[in-house]
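# Notes for the structure review
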Amino acid sequence: MASKSSSIRSASRDKCELHVSSVLLPPQFSSVGCSHNKSCLRDPAGCHPDSDPHCFFLSFITDQEESSVMFELSGPAEGYVSFALSLDKWMGNDDVYLCVNDGGSVTISAAHVTGRTHPELETQEDLWGQAWRVADGVIQCRFQRNILLPRLENRFSFNHSYFLFLAHGRSQQGLIHRHDQQPLISTTQKRITGHPEDLCGSRSPLLIKFHGVLMLTAWMWTVSTAVFIARHYKHLWPDTTLLGQSLWFQLHRTMMVLAVVLTGVAFSLPFIYRRGWSKRAGSHPYIGCTVMALSVIQPIMAIFGRPQNPPGETSNQILITP
């Protein structure tokens, strides 16, 4: 991929001082060698950064002396691409590395995140072998860092295992904004200096996946089935009873109660994951609260309602209708 806006810069470090020299990056980073001689994290899974302009790509490999690790980071972004090392799948107390596009040039920096706050930049002298490229909206950067940095408290050792976060977003005059979407998070922890792997990741946390599954199950299956039974089987099973009440009604009521229970569980999961109210989720939380409220009001209305009793049935039954 070539572009007039492409920029190349490299910095290399010797034992005494930091100096800048020109090193031409490859036209694109390559996924060749993933799981063989380097570890990779990609989104979409299995994408190739040299042929897919929408591929987010992170690779790292330990040098032959086993003293440092080289990272390659690439992805389409308006402002920056970044990755972080974390002890858990929750943002906070993480070791972060940023490649920020600042007017056609890229700044490669290290930072530390405390809680859900803006990254605090750390000293940059420990990042060397720097190189970057900006072309057709894709930001690429490469750098190396020693495995151990014992004199820096907030910098993680690469000999330990971490979850990998991969994020991107906008920047303005070199200052980054909040990432545009949920970061890609590796499924398992990975030791940076460990055996090469082709890592898997997801942008949807497990609790949020369960939230979606339960909501779909409640409203696309249980409610729809309950409505179908009430409308079409009421007259097909007029004399069939179960535990003293019509079979259609027992099935209808069971499905509707199950829908309320599933909705309640699904409603609570995002609050558990976010540890409170989400201020950046748009209208979705408000719609969810409305759905939850209607789900609770509906059976209450059925309990206090006065439905017309089918022939032969007592008046103490609860009719739940859509």
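Structure first, text after, so check above.
Residues numbered from 1 in each chain as written. Predicted model: local features only at pLDDT ≥ 70, side-chain atom pairs only at ≥ 80, totals over all residues. Heavy atoms only, no water.

### Brief notes about helix α1 (residues 206-232)
Taking 1.5 Å of rise per residue, 27 residues should cover 39 Å, and α1 covers 38 Å from first to last C-alpha, within 8% of that figure. The sharpest bend along α1 reaches about 30 degrees and sits at Ala218. Listed in full, the buried residues belonging to α1 are His211, Leu214, Met215, Ala218, Thr222, Val223, Ala226, Val227, Ile229 and Ala230. Where α1 is buried, its residues contact α2 (247-274) and α3 (284-304). (Helix = DSSP H or I, 4+ residues; strand = E, 2+ residues; numbered from the N terminus. Expected span 1.5 Å × (residues − 1). Bend = angle between axes of the 7 residues up to and from the residue. Buried < 20%, exposed > 50% of the residue type's maximum accessible area, 1.4 Å probe, protein only. Contact = heavy atoms within 4.5 Å.)

### Focus: the layout of surface pockets
Taken as a whole, the largest pocket encloses approximately 730 Å³ of empty space. What lines the largest pocket is a set of 28 residues, among which Ile208, Pro270, Ala281, His284 and Pro285 lie closest to the centre. When residues of the lining of the largest pocket are traced back to their parent elements, those giving at least two are β13 (175-179), α1, α2 and α3. The biggest single contributor to the lining of the largest pocket is α3, with six residues. When its volume is computed, the second largest pocket comes out at roughly 550 Å³. Lining the second largest pocket are 28 residues, with Met91, Thr117, Arg178, His179 and Pro183 sitting closest to its centre. Those elements giving two or more residues to the lining of the second largest pocket turn out to be β6 (80-86), β7 (94-102), β12 (161-172), β13 and α2. Residues of the lining of the second largest pocket, tallied by class, amount to 16 nonpolar, six polar and six charged. (1 Å grid on protein atoms, 1.4 Å probe; cavity = no way out; pocket = protein on both sides within 12 Å on 5 of 7 lines; lining within 4 Å. Points joined across faces, edges and corners; volume = space filled by probe spheres on them. Nonpolar A, V, L, I, M, F, W, Y, C, P; charged D, E, K, R; others polar.)

### A word on the packing of aromatic side chains
Applying the stated criterion across every chain yields a total of 16 aromatic pairs. Ring geometry for Phe71 versus Tyr97: centroids 6.3 Å apart, planes at 15 degrees, classification stacked. With Phe71 in strand β5 (residues 68-76) and Tyr97 in strand β7, this pair connects stretches of sequence that are 26 residues apart. A single burial state applies to Phe71 and to Tyr97, both of which are buried. Look at Trp90 and Tyr273: their rings are 5.3 Å apart centre to centre, the planes differ by 80 degrees, and that puts the pair in the edge-to-face class. Of the two residues, Trp90 is situated in the loop between β6 and β7 and Tyr273 in helix α2; the sequence distance between them amounts to 183 residues. Each of the two residues, Trp90 as well as Tyr273, counts as buried. Linked through ring pairs, Phe60, Phe71, Phe83, Tyr97, Phe143 and Phe158 together constitute an aromatic cluster. The ring of Phe158 carries Arg145 above its face, with NZ or CZ at 3.8 Å from the centroid. (Phe/Tyr/Trp six-rings, centres within 6.5 Å; stacked < 30°, edge-to-face > 60°. Lys NZ or Arg CZ within 6 Å of the ring centre and 35° of its normal.)

### Side note on a nonpolar patch on the surface
A cluster of nonpolar side chains, Val296, Ile300, Ile303 and Phe304, forms an exposed patch at the surface whose accessible area comes to about 410 Å². Here Ile300 shows up in helix α3. (Patch = residues over 30% accessible without salt bridge, like charges linked within 9 Å, V, L, I, M, F, W, Y side chains within 5 Å. Areas by Shrake-Rupley, 256 points an atom, 1.4 Å probe, with all protein chains shown as cover. Salt bridge = Lys/Arg side-chain N within 4 Å of Asp/Glu carboxyl O.)

### Notes on unusual backbone geometry
Between Asp43 and Pro44 the backbone carries a cis peptide bond, its omega angle lying at 0 degrees. Position of Pro44 among the secondary structure elements: in the loop between β3 (39-43) and β4 (56-62). Of note, the phi angle at Glu66 is positive, near 55 degrees, even though the residue is not glycine. Checked against the element boundaries, Glu66 lands in the loop between β4 and β5. A positive phi angle, close to 60 degrees, is found at Arg275, a residue other than glycine.

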